[in-house]
Amino acid sequence: MNAAARFKKDDILAEFPEIDSRYTLIGDEAIGEISGFGAVWRAQDNWIDSTVAIKFSEHKLSDEVRLCREIDGETARVFDFYKGVNGWEAYTMEHLEKPWSTLSSFIEKRRYKKSDIQFYFECFEILRAILHGLSSMHGKPYQRGSRVIHADIKPGNIFLLNKRKKRPHTVFTMPAYVDMVKLIDLGVSTYRGGKPIGYTPAYRPPQMNSVGSGFDLYAVAITFAELITKQRPMHENLKNPAAIRRVLATRSSGSFFMDELAVEIIKRCKNAATQSTHTAEKLITYLDSKLFDREHLGLMCLRELVKSGVGSGTKDELAEAIYPTIAKYWGWERSSAKRKAMTNDFVDTLVEEGFVRKSTAPRRFVVANGAS
Ligand SMILES: Nc1ncnc2c1ncn2[C@@H]1O[C@H](COP(=O)(O)OP(=O)(O)O)[C@@H](O)[C@H]1O
Ligand SMILES: [Mg+2]
């Protein structure tokens, strides 16, 4: 256990007289998960009536605070920095409370039902938000210097705004992705080209000895697989698409299209460790083209097919399953032969979009992996 974790309230207040004069520590112990470096407490700011989080460490925190200042809005807002009488350091920051939670506790509590395509849509929304935070941290191609690599991406260092919203005419329910995720704990973060120190081995790309954006993206591959399956995969379990497929098979989306997209994105994130062409920004562009910028009616029909258990079927069977979704979307109150024919044609559109494929069996169409 690190020294900060053993630090009692009185020890903290003795080390930091300035903190003692301004804040009241809440509770008798640190909040959140204790890891290698510091301890985070909740505290009442008595000068400005509000609650903050305070991170203490016997190690230097000034680098962490400087990096937090340099990046935009992707991390918790930092307020003040303090030095203790025996060289400890501390800083106060915005306290992230419900509906914020760490991604690790979100993963722990989350439920998956068999063939849960909505679960997958949500995973992808979270993934996009994480990539968005990273793309902004990693900097734009034209920006010189200050390209920050987080270097300790993992579920315990990601905060998620866990507040779903039902929106009409889309399958996406999470808050707008720009303000849905905060990447915290820049304790081992560094500029690109720096040395990896103090990272978490289970998320760290093997054989990468100087950090670049691929260092973080590799950790995203592990995190995303964990978000889907609840189990953190071993490095070798992501070594090729077949292995990734086996990892994800424990929790299928019920749609071959979504299952394969998950395999592909994990592969690309993982390969970012060795191929500098895969940046967070490019991965977002890829995800948008494959998922977020697609016609929502197509995705809604795909969801309906999975929900109604149509793993495969004839065109008429698929059309029957998606009819209510299409009718609701277009506001059809009565059905007619023409509307039924349009719905049948939409099955062809789903095939063109890649959401459904033709079976090897004649006149049949496939939705789920393994169906025919
Ligand atoms: N701003 C915050 N608001 C609420 N909880 C926080 C905040 N910052 C950190 N925590 C909690 O404290 C834990 C440890 O914080 P972190 O900065 O990751 O420290 P360490 O360097 O020890 O890993 C986090 O996993 C989280 O549960
Ligand atoms: Mg941490």
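From a predicted model like this one, the values you see are computed outputs, not experimental measurements.

1. A short note on the coordination of the magnesium ion (ligand 2)
- On the protein side, the magnesium ion (ligand 2) has Asn157 (OD1) and Asp185 (OD) as donor atoms, found 2.1 to 2.2 Å from it. Pair noted here: asparagine 157 is in the loop between strand S7 (148-149) and strand S8 (158-161) and aspartate 185 is in the loop between strand S9 (181-183) and strand S10 (190-191), with a separation of 28 residues, a long-range link. For the pair asparagine 157 and aspartate 185, one class covers both residues: buried.

2. Examining the sheet that holds strand S13 (residues 365-366)
- Here 3 strands make up an open sheet; going across it, the order is S11-S13-S12 and the pairing antiparallel. Taken across any chain shown, the strands that pair with only one partner, and hence form the sheet edges, are strand S11 (312-313) and strand S12 (357-358).
- In terms of strand pairing, S12 meets S13 through 2 bridges, oriented antiparallel. Bridged to arginine 357 within S13 is valine 366.

3. Topic: the domain arrangement of the protein
- Once the domains are mapped, the protein shows domain 1 (3-94), domain 2 (100-292) and domain 3 (296-366).
- Spacing between the C-alpha centres of domain 1 and domain 2 amounts to 28 Å.
- Domain 1 puts 15 residues into the contact, and the matching count from domain 2 is 18 residues.
- Of the roughly 1,200 Å² buried at the junction of domain 1 and domain 2 (both faces included), carbon and sulfur atoms supply 54%.
- The interface formed by domain 1 and domain 2 includes 2 salt bridges.
- Taking the shortest distance from any N to any O, the salt bridge between lysine 55 and aspartate 185 comes out at 3.1 Å.
- The tally of links from domain 1 across to domain 2 stands at 5 residue pairs in polar contact (both at pLDDT 80 or more).
- Ranked by the residues each element gives to the side of domain 1 that touches domain 2, the list is headed by helix H4 (residues 62-70), at 5 residues.
- Classifying every residue of the side of domain 1 that touches domain 2 gives 5 nonpolar, 2 polar and 8 charged.

4. Quick notes on a positive patch on the surface
- A cluster of like positive charges, contributed by Lys113, Lys166, Lys307 and Lys328, occupies part of the molecular surface.
- Tracing the chain through its elements places lysine 166 in the loop between S8 and S9.

5. Some points on the pattern of salt bridges
- Within this structure, the stated rule accounts for 19 salt bridges.
- Arginine 77 is the partner of glutamate 94 in a salt bridge, and the nearest nitrogen-oxygen pair spans 3.3 Å. Pair noted here: glutamate 94 is in strand S5 (residues 89-94) and arginine 77 is in the loop between H4 and strand S4 (78-83), with a separation of 17 residues, a long-range link.
- For arginine 77, a relative accessible area of 53% gives the class exposed.
- Across the pair lysine 83 and glutamate 89 runs a salt bridge, and its minimum N-O distance is 3.0 Å.
- Judged by its relative accessible area of 54%, lysine 83 falls in the exposed class.

6. Thoughts on the sheet that holds S4
- As summarised here, the arrangement of the 5 strands in space is S1-S2-S3-S5-S4, forming an open sheet in which the pairing is antiparallel. Across the chains shown, the open sheet's two edge strands, defined by having one partner strand only, are strand S1 (23-31) and S4. Averaged over all neighbouring strand pairs, the angle between strand axes comes to 25°, with direction disregarded.
- Against the sheet, H4 engages strand S3 (50-57), S4 and S5, with an angle of about 160° to S4.

7. Notes on the pairing of S8
- Residues Ile158 and Leu160 of S8 are buried on one face, and the alternating residues Phe159 and Leu161, pointing to the opposite face, are buried as well.
- Here strand S6 (residues 100-102) runs beside S8; their pairing, made up of 3 bridges, is antiparallel. Looking at the pairing, threonine 102 lines up with phenylalanine 159 of S8.
- Bridge analysis of S8 against S9 gives 3 bridges, and the strand direction is antiparallel. Of the residues in S9, the one forming a bridge with phenylalanine 159 is lysine 182.

8. Let's talk about the packing of helix H6 (residues 117-138) against helix H9 (residues 256-271)
- Look at H6 against H9: their axes get within 11 Å of each other, and the N-to-C directions meet at 30°. Put simply, H6 runs roughly parallel to H9. In this structure, H6 crosses over H9, and the sense of that crossing is left-handed. Between H6, through Ile117, Tyr120, Phe121, Phe124 and Leu127, and H9, the contact on the second element is made entirely by Met258, Asp259, Leu261, Ala262 and Ile265.
- Its residues assigned to classes, the contact of H6 with H9 comprises 9 nonpolar, no polar and 1 charged.

9. Looking at the state of the cysteines
- Evaluation of the coordinates by the stated rule reveals 0 disulfides.
- Residue cysteine 269 stays outside any disulfide, its sulfur separated by 13 Å from that of cysteine 123, the closest cysteine.

10. What to know about the nonpolar core
- Among the nonpolar cores identified, the biggest contains 87 residues, and Phe124, Phe224 and Ile265 are the most heavily contacted of them.
- For this core, the element with the highest residue contribution is H6, accounting for 13 residues.
- Ala4, Ala39, Ile54 and Phe56 belong to the second largest nonpolar core, which has 17 residues in total.

11. A look at the packing of H9 against helix H10 (residues 280-292)
- In contact at an axis separation of 11 Å, H9 and H10 are set at 170° when each is read in the N-to-C sense. Regarding the angle of H9 to H10, the classification is roughly antiparallel. Note on element contacts: H10 touches H9 through Leu283, Tyr286, Leu287, Lys290 and Leu291, opposite Phe257, Met258, Leu261, Glu264, Ile265, Arg268 and Cys269.
- The residue inventory of the contact of H9 with H10, partitioned by class, reads 9 nonpolar, no polar and 3 charged.

Conventions used here
By convention here, each chain's residues receive numbers from 1 onward along its written sequence. Naming scheme: in the order in which they are written, chains are lettered from A and ligands are numbered from 1. In view of the model being predicted, local features appear only for residues whose pLDDT reaches at least 70, and side-chain atom pairs are presented and counted only at 80 or more, with totals across whole chains, interfaces and linings using the full set of residues. Excluding hydrogens and water, the side-chain values take into account all heavy atoms of the structure. Counted as donors are N, O and S atoms no farther than 2.8 Å from the metal, or 3.2 Å for Na, K and Ca; water is not among the atoms, and sites may therefore look incomplete. Numbering goes from the N terminus for both helices and strands, where a helix is a DSSP run of H or I of at least four residues and a strand is a run of E of at least two. Note on classification: 1.4 Å probe, protein chains only; a residue is buried when its accessible area is under 20% of the maximum for its type, exposed when over 50%, partly exposed between these limits. Paired strands are those between which DSSP finds at least two bridges. Throughout, the edges of the domains are those of an automatic or database domain assignment. Contacts are assigned to residue pairs with any non-hydrogen atoms lying within 4.5 Å of each other. Summed over both partners, the accessible area lost on bringing two parts together, with a 1.4 Å probe, is the buried area. By convention in these notes, a salt bridge is any Lys or Arg side-chain nitrogen within 4 Å of a carboxyl oxygen on Asp or Glu. Polar contact is defined as a pair of N or O atoms within 3.5 Å, subject to the rule that within protein one atom must be able to donate a hydrogen and the other to accept it, and that residues adjacent in sequence are counted only when both atoms are side-chain atoms. Ten residue types, Ala, Val, Leu, Ile, Met, Phe, Trp, Tyr, Cys and Pro, are classed as nonpolar, four, Asp, Glu, Lys and Arg, as charged, and the remainder, Gly among them, as polar. By definition, no residue in a patch forms a salt bridge, and every one has over 30% relative accessible area; like charges are joined within 9 Å, nonpolar side chains (Val, Leu, Ile, Met, Phe, Trp, Tyr) within 5 Å. Here the accessible surface of atoms and residues is derived via Shrake-Rupley with a 1.4 Å probe, and residues count as covered only by protein chains that are part of the display. Under the counting rule used here, the positive set is Lys and Arg, the negative set is Asp and Glu, and His together with the chain ends is not counted. Taken as the charge location is NZ of Lys, CZ of Arg, CG of Asp or CD of Glu. Whenever a helix is involved, its axis is fitted only over the stretch in contact; in every case the axis is a line through C-alpha atoms, and angles between N-to-C directions fall within 0 to 180 degrees. Angle categories: roughly parallel below 35 degrees, roughly antiparallel above 145, roughly perpendicular from 65 to 115, and oblique for all the rest. In this scheme, a crossing is called left-handed if the near helix is turned counterclockwise away from the far one by less than a right angle; it is called right-handed if the turn is clockwise. Only a pair of cysteine sulfur atoms within 2.5 Å qualifies as a disulfide here. Put simply, a nonpolar core is a bunch of buried Ala, Val, Leu, Ile, Met, Phe, Trp, Tyr and Cys residues held in one set by side-chain atoms that sit within 4.5 Å of each other.

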